[in-house]
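# Analysis of the macromolecular model
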Amino acid sequence: MKITIFWLAWSGTSTIWKLLTRELNYTFMSSWNIMRQWAKESGYTIYEFEDKIVKKDDSFDIKLDKKVEEFWKNNDNFIFESRLAWNFIADSFKIFLHCDELERYKRINNREWLFIDEIIFKTKKRESELVERYLKIYPNIKFPPIKEEFDLFIDSTEKQPEEIIKIILNNLEKN
């Protein structure tokens with residue numbers, strides 16, 4: 001089985017994929033893993049790579065999506081965490097992990113210890129840049145997507161990771 005997970009920053013995805021990967025004994029991959037490798041090869045941190053390469057080169061997203069497609073065609077029994085993999089891995093079980101904005105900001109604050117105004121500004125800026133970039137490159141893909149495009153929509157705002165894993169496993173059994 002192929003599973004894709006869509007998220008916006010701080011929705012709890014990292015915790016969920018780690019637990020789910022362990023529970024199912026699946027391979028894990030993400031767009032960030034691919035980008036981290038490319039950043040390392042280029043001598044950048046992931047954030048420098050995103051600012052200096054990704055945001056300035058439209059062909060980068062196409063290259064990344066080809067890598068996602070390559071992974072999809074050559075693997076099975078995996079979990080792929082990405083903003084767009086749900087669209088490119090057609091036969092995947094698609095999970096949308098949602099979290100309310102305010103809760104996401106609180107989670108960032110608990111980890112990053114930034115002022116809330118700075119967190120809100122940076123997060124909104126980054127997400128609006130993503131929307132703009134994706135709309136330019138992929139005019140036929142709605143971003144952020146709507147929950148109806150997914151097999152499973154989970155609001156992680158007030159749920160514990162174990163509860164989310166239980167919901168996912170129950171829905172996978174039904175599939």
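Residues numbered from 1 in each chain as written. Predicted model: local features only at pLDDT ≥ 70, side-chain atom pairs only at ≥ 80, totals over all residues. Heavy atoms only, no water.

### What to know about the pairing of strand 4 (residues 93–98)
Counting buried residues along strand 4, 5 of its 6 residues qualify, which places the element largely inside the surrounding structure. Pairing analysis gives 5 bridges linking strand 1 (residues 2–7) to strand 4, with the strands arranged parallel. The partner of W7 across the bridge, within strand 4, is L97. Strand direction decides the pairing type here: strand 4 and strand 5 (residues 152–155), joined by 4 bridges, are parallel. Residue pairing in the sheet places L97 in a bridge with I154 of strand 5. (Buried < 20%, exposed > 50% of the residue type's maximum accessible area, 1.4 Å probe, protein only. Helix = DSSP H or I, 4+ residues; strand = E, 2+ residues; numbered from the N terminus. Pairing = 2+ DSSP bridges.)

### What about the sheet that holds strand 5?
The strand order 2-3-1-4-5 describes an open sheet built from 5 strands, whose pairing is parallel. Single-partner strands in this sheet number two, and they are strand 2 (27–30) and strand 5. Direction aside, neighbouring strands of the sheet carry axes that sit 20° apart on average. Taken strand by strand, helix 1 (residues 13–24) contacts strand 1, strand 2, strand 3 (78–81) and strand 4, and its axis lies near 170° from that of strand 3. Together, strand 1, strand 2 and strand 3 form the strand contacts of helix 2 (residues 31–42), whose direction differs from that of strand 2 by roughly 65°. (Axes fitted to C-alpha atoms, helices over the stretch in contact; angles between N-to-C directions. Contact = heavy atoms within 4.5 Å.)

### Some thoughts on the confidence of the model for the chain
Confidence in the prediction for the chain averages 86 pLDDT; 96% of positions are at 70 or higher. Mean pLDDT per element in the chain: helix 6 (residues 101–112) is the minimum at 74, and strand 5 is the maximum at 95. (pLDDT = per-residue confidence, 0-100.)

### Observations concerning the packing of helix 2 against helix 4 (residues 58–74)
Interhelical geometry of helix 2 versus helix 4 gives an angle of 120° and a closest axis separation of 10 Å. One element, helix 2, and the other, helix 4, form an angle in the oblique class. The crossing of helix 2 and helix 4 is right-handed. Where helix 2 abuts helix 4, its residues S31, I34, M35 and W38 lie against F60, K63, L64, K67 and V68. (Parallel < 35°, antiparallel > 145°, perpendicular 65-115°, else oblique. Left-handed = near helix turned anticlockwise from the far one by under 90°.)

### Focus on empty space enclosed by the protein
Summed over all chains, the structure comprises 1 cavity of 30 Å³ or more. Lining the largest cavity are 15 residues, and of these S31, M35, L64, R83 and Y134 sit closest to its centre. Among the elements of the structure, helix 2, helix 4 and helix 7 (116–137) are those that each provide at least two residues to the lining of the largest cavity. Class assignment of the residues belonging to the lining of the largest cavity gives a composition of 7 nonpolar, 2 polar and 6 charged. (1 Å grid on protein atoms, 1.4 Å probe; cavity = no way out; pocket = protein on both sides within 12 Å on 5 of 7 lines; lining within 4 Å. Points joined across faces, edges and corners; volume = space filled by probe spheres on them. Nonpolar A, V, L, I, M, F, W, Y, C, P; charged D, E, K, R; others polar.)

### Description of the packing of aromatic side chains
When we look at a pair of aromatic rings, we describe it by the centre distance and by the angle of the planes. Under the definition given, this model contains 16 aromatic pairs. Here W38 and F60 contribute two aromatic rings whose centre-to-centre distance is 5.4 Å and whose plane-to-plane angle is 85°, an arrangement assigned as edge-to-face. Highlighted residues: W38 in helix 2 and F60 in helix 4, separated in sequence by 22 residues. Neither W38 nor F60 differs from the other in exposure class; each is buried. An angle of 70° between the planes, with centres 5.6 Å apart, marks the rings of F71 and F80 as edge-to-face. (Phe/Tyr/Trp six-rings, centres within 6.5 Å; stacked < 30°, edge-to-face > 60°.)

### A look at the pattern of salt bridges
For the coordinates displayed, the defined rule picks out 5 salt bridges. D61 is the salt-bridge partner of R133, the closest N and O atoms lying 2.8 Å from each other. Of the two residues, R133 sits in helix 7 while D61 sits in helix 4, which places them 72 residues apart along the sequence. Just as R133 is buried, D61 falls in that class too. (Salt bridge = Lys/Arg side-chain N within 4 Å of Asp/Glu carboxyl O.)

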